[in-house]
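Chain by chain, the residues run as shown.
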Amino acid sequence: MLGIMFWLVAVTTLAATPGDDSDIYEELYKNHGYHADLLLTHAASLVDYITRHPVESVLDVGCSHGRAVEMLWKHGLTAVGVDIAPTAVALAVKTRGFGRCGTHPCFQTASAEALPFPDKSVDAIMASDVLEHIRMQDIDEVIYELGRVARRYIVLKIDTRHETDRAPVRSLHRAKKFEHVQHLRLTVLPIAQWKTRFEDQGFDVKVEGHLLLAWPNLNILDQLWTRQRSFVSVD
């Protein structure tokens, strides 16, 4: 069936939520063995794509323990990662050390809604299994933020179903923590709707099987960004 998992490749522009959601993932990483396999990464296919479409610098949003960043270093790329959970970032620093990070910290705590990077400061952004964990009302802001930082393109892999592995949520409930949480994937959409969300932010998107390719429509992007920034300008 089309769309259980897909990539989105977005050239030049535009992923966790702060507050309660960051606390959930910090609890999972710190006390419940979340992503404890330090050799496991869901981002191998994204790394493969990036290394076949040359860039010099990459930001991994939702980097977890940093395995994908380390893989990019081994390909000779400058790469850094951010994650919403401080324990994940500490684990990445401890496990991966310091590699080809350029002028930025190799790993730092940050939400995809507020990336601590200047405009157009990395060639590419990648995020594997991240967007579906973001609240629906925050998706457009995240798309915009990814595009603000990426200079050339974005590569995303998004799952379009609720998680079948219920162990993390059950572990939280056994510990009497975050008992209101029923799913970690908060925005579960079919491919067509993800495609539309990016098109609405100024991308031309093409679907090829479970691979989505998106290119910026620069005329639309300029108009959208000017309009959005005018909403927060102060005279």
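Just so you know, these numbers come straight off a predicted model, no measurement behind them.

**Re the state of the cysteines**
As used in these notes, a disulfide is a covalent bond between sulfur atoms, one from each of two cysteines. One pass over the full model with this rule turns up one disulfide. Note that Cys 101 is cross-linked by a disulfide to Cys 106, the S-S spacing being 1.8 Å. Between Cys 101 and Cys 106, the disulfide has an S-S torsion of 95° and is therefore right-handed. A relative accessible area of 5% means that Cys 101 is categorised as buried.

**Overview of the pairing of strand E5 (residues 122–128)**
Across the seven residues that make up E5, a large majority, seven, are buried. As judged from the three bridges shared by strand E2 (residues 57–61) and E5, these two strands associate in the parallel manner. Bridge assignment links Val 58 to a residue of E5, and that residue is Ala 124. Taking the sense of rotation as the criterion, the β-α-β connection linking E5, helix H5 (residues 139–149) and strand E6 (residues 150–159) turns out right-handed.

**Some details on the packing of aromatic side chains**
Considering all chains together, one arrives at four aromatic pairs under this definition. Note on Tyr 29 and Tyr 34: the rings are 5.1 Å apart at their centroids and 85° apart in plane angle, and the pair reads as edge-to-face. For Tyr 34, a relative accessible area of 15% puts it in the buried group. Between Tyr 49 and Tyr 153, the ring centres sit 6.0 Å apart and the planes meet at 90°, which makes this aromatic pair edge-to-face. Taken together, the positions of Tyr 49 in helix H2 (residues 44–52) and Tyr 153 in strand E6 put the pair 104 residues apart, joining distant regions of the chain.

**Concerning the nonpolar core**
Ranked by internal contacts, the top residues of the largest apolar core, which has 52 residues, are Leu 59 and Ile 125. The biggest single contributor to this core is E6, with six residues. Filtering out sequence-adjacent residues up to four positions away, Leu 59 remains in contact with Val 80, Gly 81, Val 82, Leu 115, Phe 117, Val 122, Ala 124, Ile 125, Met 126 and Val 149. In terms of nonpolar packing, the next biggest core, distinct from the first, is built from 13 residues, Ile 24, Leu 28, Ile 84 and Phe 178 among them.

**Examining unusual backbone geometry**
Apart from glycine, the bulk of residues carry a negative phi angle, and the bulk of peptide bonds sit in the trans form. Here Asp 129, not a glycine, exhibits a phi torsion of approximately 55°, which is positive. Within the secondary structure layout, Asp 129 lies in the loop between E5 and H5. By relative accessible area, Asp 129 is classed as buried at 15%.

Thresholds, definitions, all that
Residues numbered from 1 in each chain as written. Predicted model: local features only at pLDDT ≥ 70, side-chain atom pairs only at ≥ 80, totals over all residues. Heavy atoms only, no water. Disulfide = S-S within 2.5 Å. Buried < 20%, exposed > 50% of the residue type's maximum accessible area, 1.4 Å probe, protein only. Helix = DSSP H or I, 4+ residues; strand = E, 2+ residues; numbered from the N terminus. Pairing = 2+ DSSP bridges. Right-handed = clockwise from strand over helix to strand, strands pointing away. Phe/Tyr/Trp six-rings, centres within 6.5 Å; stacked < 30°, edge-to-face > 60°. Core = buried A, V, L, I, M, F, W, Y, C linked by side-chain atoms within 4.5 Å. Contact = heavy atoms within 4.5 Å.

All quantities given are derived from atomic positions and should not be read as evidence of function.
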